[in-house]
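Here is what each chain is made of, one letter per residue.
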Amino acid sequence: MKQHTIIFGLIVLLGIGCEQKMSDTGHSEEVPEPQYTLSADQTHSYWSSAIEPLIEVESGAVIEVNTEEASDQQLTPESTVEDIKNLSFDPIHPLTGPVYVEGAEPGDILKVKLHKVELGSWGWTGIIPGFGFLSDEFDEPWIKTFEFDKNSGTAAFSEDINIPLKPFPGVMGVAPDTEEELSTVPPRANGGNMDDPHMTEGTTVYFPVQVEGALFSIGDAHAAQGLGEVCGTAIEAPTRIVYEVEVIKGGREIQEPQYETDDYYAVTGFGKTIDEAAKKATRYMIDYLVEEHNMDRNEAYALCSLAGDLKIAEVVDVPHMLVTMHMSKEVLGVK
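**Student:** Which residues make up the confidence of the model for the protein chain, and what values go with them?
**Tutor:** Mean pLDDT over the protein chain works out to 92, with 92% of the residues at or above the 70 mark. Counting contacts from residues 1-17, a segment whose pLDDT is below 50, to residues more than four positions away or on other chains yields 38 contacts. Counting interchain partners and residues more than four positions distant, the pLDDT-below-50 stretch residues 23-27 has three contacts.

Next up, the structure:
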């Protein structure tokens, strides 16, 4: 973990207006004023319960964090293929945190609402030899950098192709119940490298707390990414993120992260094959329907077949895969 002075800033709310953002419906929504701020150099690049928290916050706190792009400044807007060749994986996924949430205990759920995900000025994507879903077929390094035009809301891939910008954190999670230093590369039960572009601004994500204080961290932001992230990278970019944490006690147990928007509820399942991950996601959605919507398991299983949408969130961390299932709230009668 990097050693830096801890920023512990409680921002006085008097006289300060909230940010505004546009919801999916086009209506303006207020972004709550952050009470705490962490900088992009207050990071760690592995998971462990032994990492000391940077700040302690109360349940309900709003935190502003700045995150570095995935290479942790090894790459710049001027980088070339030579920089990809020399890329070290040691600092990959600099995660801003951890944040200790008062009252969080194993068995609880940490609710994280992503209020704001704001892009920096640039990003990159690349092909890294030995990494990616088709790494045996693409063994030459390649890189493309982007300067963002925030007015257009797109990134220019070529003269003819423009990619919509929809930033989200690729890695989020609570600390695992081990002092071992675990890689940030695969998705895990604590969250980790989920790379799910649906976990974006306005989404609420639920994490199963595994250690006291939860020790939440976030990073690896992507300006844009397709489901799967097949070549190994999205548009990797620095960001500013505003999120809110809340401890949920006495609720149902979850084994892996789940999330929701105004439109749907979703579960995640990771595994070493698509089959394993998809079966876990299906079982988790059945559990949700049984426990939250009073169905028996036969009804829940059938509804998953009729209205549940399995999606491959990411396949890049071979052999680790993440599959999700979405269930429409309109179908469930709660919208």
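**Student:** Quick rundown of the packing of helix H2 (residues 274-293) against helix H3 (residues 297-307)? Include the residues and the values.
**Tutor:** Across the interface, H2 lies against H3 with an axial gap of 9 Å and an inter-helix angle of 125°. Here H2 lies oblique to H3, going by the angle between them. Handedness of the crossing formed by H2 with H3: right-handed. Residues Thr-282, Met-285, Ile-286, Asp-287, Leu-289 and Val-290 of H2 form the contact with H3, whose participating residues are Arg-297, Ala-300, Tyr-301, Leu-303 and Cys-304. Tallied by class, the residues present in the contact of H2 with H3 amount to eight nonpolar, one polar and two charged.

**Student:** Kindly report on H2, identifying the contributing residues and their values.
**Tutor:** The end-to-end C-alpha distance of H2 is 27 Å, a good match for the 28 Å that 20 residues give at a rise of 1.5 Å each. For H2, the set of buried residues is Ala-277, Ala-278, Lys-280, Ala-281, Thr-282, Tyr-284, Met-285, Ile-286, Tyr-288 and Leu-289. Of the surrounding secondary structure, the elements contacted by the buried residues of H2 are strand S19 (258-260), strand S20 (264-271), H3, strand S21 (308-314), strand S22 (321-328) and helix H4 (329-332).

Cut-offs used in this document
Residues numbered from 1 in each chain as written. Predicted model: local features only at pLDDT ≥ 70, side-chain atom pairs only at ≥ 80, totals over all residues. Heavy atoms only, no water. pLDDT = per-residue confidence, 0-100. Contact = heavy atoms within 4.5 Å. Axes fitted to C-alpha atoms, helices over the stretch in contact; angles between N-to-C directions. Helix = DSSP H or I, 4+ residues; strand = E, 2+ residues; numbered from the N terminus. Parallel < 35°, antiparallel > 145°, perpendicular 65-115°, else oblique. Left-handed = near helix turned anticlockwise from the far one by under 90°. Nonpolar A, V, L, I, M, F, W, Y, C, P; charged D, E, K, R; others polar. Expected span 1.5 Å × (residues − 1). Buried < 20%, exposed > 50% of the residue type's maximum accessible area, 1.4 Å probe, protein only.

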